[in-house]
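Working through the structure, step by step
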Amino acid sequence: MSNYYYLISSLPMLQWQTRPPFNKQHLSELSRLLISEQDFSLLTESLGEDWWKKEFLNPWLRKWQDFEISLRNELVKIRANRRKVETTQYLRRETSQSYEFTQIAAHAYRLPSPQEAEQLLDLTRWQFIEELTLGHYFDLEVLLAYGLKLTILERWEKIRLSEKEKLLEKL
């Protein structure tokens, strides 16, 4: 547990809509040396491509996974309804139904720009991660939250870079 104090206090602070200080690979390399094999495995699985297929036993991570899948399922329902398509083949798994998820998804879907919609969804994710980490300071959950936030920032950095490339091509 004491290694978490050192690791987490040495990580740069992440802020919404800023550039990531490093990538997930670097976070994994730092963490591998300082946390248990079991916690490292959980961290890498939660940041992997197939995170939604996993059955996480960690309660914090399970709450995040349920939130994310619920939000995505609501987006699927809205899109499928617009296209008059059956949703069952696209839904990930049953999670808690919440009016809040329906509202967020509907609001994002109505925004004029896909980029604005994605920003709203990622801001919602960021805020949920913040809420989940209340009361956690130097533990695995804070490290998991850091990795998830880093994933969001990396995604927007890729978007920024691709937009710059498009602008350069136009010039």
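Refer to the structure printed above.
On a predicted model such as this, the values are computed, not experimentally measured, just so you know.

Overview of unusual backbone geometry
- Residues other than glycine seldom take positive phi values, yet Q17 does so here, at roughly 60 degrees.
- Mapped onto the fold, Q17 is located in the loop between α1 (2-10) and α2 (24-34).
- Accessibility expressed as a relative area gives 47% for Q17, which makes it partly exposed.

A few points about the pattern of salt bridges
- All told, the structure shown has 11 salt bridges when counted by the stated rule.
- Taking the shortest distance from any N to any O, the salt bridge between E55 and R62 comes out at 2.8 Å.
- By relative accessible area, which is 25% here, R62 ends up partly exposed.
- A salt bridge links R155 to D122, with the nearest nitrogen and oxygen atoms 2.4 Å apart. Remark: D122 occurs in helix α6 (residues 114-132) and R155 occurs in helix α7 (residues 140-170); sequence separation between them is 33 residues.
- One salt-bridge network, held together by shared partners, links E68, R72, E118, D122, R125 and R155.

Observations concerning the environment of F40
- Checked against the element boundaries, F40 lands in helix α3 (residues 37-46).
- Sequence separation between F40 and E154 is 114 residues; the distance between their C-alpha atoms is 20 Å.
- If near-sequence neighbours (up to four positions away) are discounted, F40 is found in contact with S28, S31, R32 and I35.

About the criteria used
- Residues numbered from 1 in each chain as written.
- Predicted model: local features only at pLDDT ≥ 70, side-chain atom pairs only at ≥ 80, totals over all residues.
- Heavy atoms only, no water.
- Helix = DSSP H or I, 4+ residues; strand = E, 2+ residues; numbered from the N terminus.
- Buried < 20%, exposed > 50% of the residue type's maximum accessible area, 1.4 Å probe, protein only.
- Salt bridge = Lys/Arg side-chain N within 4 Å of Asp/Glu carboxyl O.
- Contact = heavy atoms within 4.5 Å.

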